[in-house]
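Secondary and tertiary structure notes
Single-letter residue listing:
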Amino acid sequence: MGVTEVLAAQLVRGVDGGGSDAALRQVLHGLPGVDQVGAESRVAALATRSIKKDAKLAALSLAVAMVDLTTLEGADTPGKVRGLCAKARQPDPADRAVPPVAAVCVYPDLVALAKAELAGSPVVVASVATAFPSGRASLAVKLADVAEAVSAGADEIDMVIDRGAFLAGRYGQVYEEIRAVKEACGAAHLKVILETGELATLDNVSRASWLAMMAGADFIKTSTGKISPASTPPVALVMLAAVRDFEQASGRRVGVKVAGGIRTAKDAVRYLVLVNETAGRAWLTPDLFRIGASSLLNDLLMQRRKQLTGRYSGPDYFTTD
């Protein structure tokens, strides 16, 4: 029996077990262990890949199209969100060839505003929910949070798992919460935030990825961006390998979102290389790979302009919203 067949058998046993701690533990602890040294070596090797000029321009444009342009601050205002939405629709007003970003991500109380500002554009509205960023609340509160965002028009929900429950081995609780949130999402897509910086090991990242996918996640996401470390290439490698293997085992394709600490075009392009070499070319689309960011977009635009003109425009050329 190959690895994929073993994973498929484990997946079936876990689902048949009704999401109990015992059934899920059998699946999750039966996954192949992650070689941390090997993962770090693989990431380091891929980081040395060079991209030719034409391919780099395409990569920069693709990275722009994959951005979830995000503002998640207590001081967020309607004016800030309007500015963010304008930039999301048309990142570089001087160059109409630059694609719009994938999504604008805000708190639930700003969803309706973002939805109105983005009407008629391909940019979708994502909203964090489920007691973001801690995830420490009752299920009733979490579902009310989701309901508020969905009723306001959110196209995507970014939920956080209860890391305390996961680390304590209460896999059934985490599984059932994800399933309940997925149901509450209705037609909205569900991104499940693992907060990998709190999971301690790459083995736990792999297990949390599989748990989220088994429970119905449309995307698995690295982090809230509120703690350090946030997204790292080794973590992304493990998650990309998980979605690849999950598709082979279940027939369902799940996306990956990296978020937190990704500020330069060089970082973004390295993640695209990681996607291509790990999950495969099929994931090189905003439908299956996203980058959660705020400051990254300007550097992508600067580097793109450099590829076209041979000179930098300077950081003050683009809006900071």
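So, here's what we can say about the structure. (Residues numbered from 1 in each chain as written. Predicted model: local features only at pLDDT ≥ 70, side-chain atom pairs only at ≥ 80, totals over all residues. Heavy atoms only, no water.)

1. Considering the overall build of the protein
Rules: By definition, any uninterrupted DSSP run of H or I lasting at least four residues is a helix, any uninterrupted run of E lasting at least two residues is a strand, and each is numbered from the N terminus. Two things to know: the radius of gyration comes from C-alpha atoms, and the globule rule equals 2.2 Å times the number of residues to the power 0.38. Partly exposed residues are those whose accessible area sits between 20% and 50% of the maximum for their type, while under 20% is buried and over 50% is exposed, using a 1.4 Å probe and protein chains only. Contacts were defined at the residue level, with two residues in contact if any of their heavy atoms lie within 4.5 Å. Only the protein chains shown count as covering a residue, and every accessible area follows the Shrake-Rupley method with a 1.4 Å probe. Within this scheme the basic residues Lys and Arg register as positive and the acidic residues Asp and Glu register as negative, but His and the chain ends are omitted. In this description, the location of a charge corresponds to atom NZ of lysine, CZ of arginine, CG of aspartate or CD of glutamate.
Along its length, the protein carries 13 helices and 8 strands. Taking 321 residues into account, the globule formula puts the C-alpha radius of gyration at 20 Å, and the protein, at 19 Å, falls close to it. Overall, the protein is about 60 × 45 × 30 Å in size when its C-alpha atoms are taken along their principal axes. The buried share of the protein, reckoned over its 321 residues, is 53%. Residue pairs in contact within the protein that sit at least 24 positions apart in sequence constitute 75% of those at least 6 positions apart. For the protein, the exposed area adds up to about 13100 Å²; of that, 52% sits on carbon and sulfur atoms. Between the centroid of the 36 positive side chains of the protein and the centroid of its 34 negative side chains there is a distance of 6 Å.

2. As for the side chain of D299
Spelled out, the test is: Salt bridge, as used here, is a side-chain nitrogen of Lys or Arg placed within 4 Å of a carboxyl oxygen of Asp or Glu.
Along the chain, D299 falls in helix α13 (residues 296-309). The charged side chain of D299 is buried without a salt bridge, its nearest counter-charge being K56 at 8.8 Å.

3. Points about the nonpolar core
Definition in use: Definition used in this section: a nonpolar core is a set of buried Ala, Val, Leu, Ile, Met, Phe, Trp, Tyr and Cys residues joined via side-chain atoms within 4.5 Å.
One finds I157, I178, V192, F289 and L300 to be the most contacted residues of the largest nonpolar core, which totals 92 residues. With near-sequence residues (within four places) excluded, L300 lies in contact with L60, A63, V64, V67, A265 and A268. Among the nonpolar cores identified, the runner-up in size contains 7 residues, and L72, C105, F132 and V160 belong to it.

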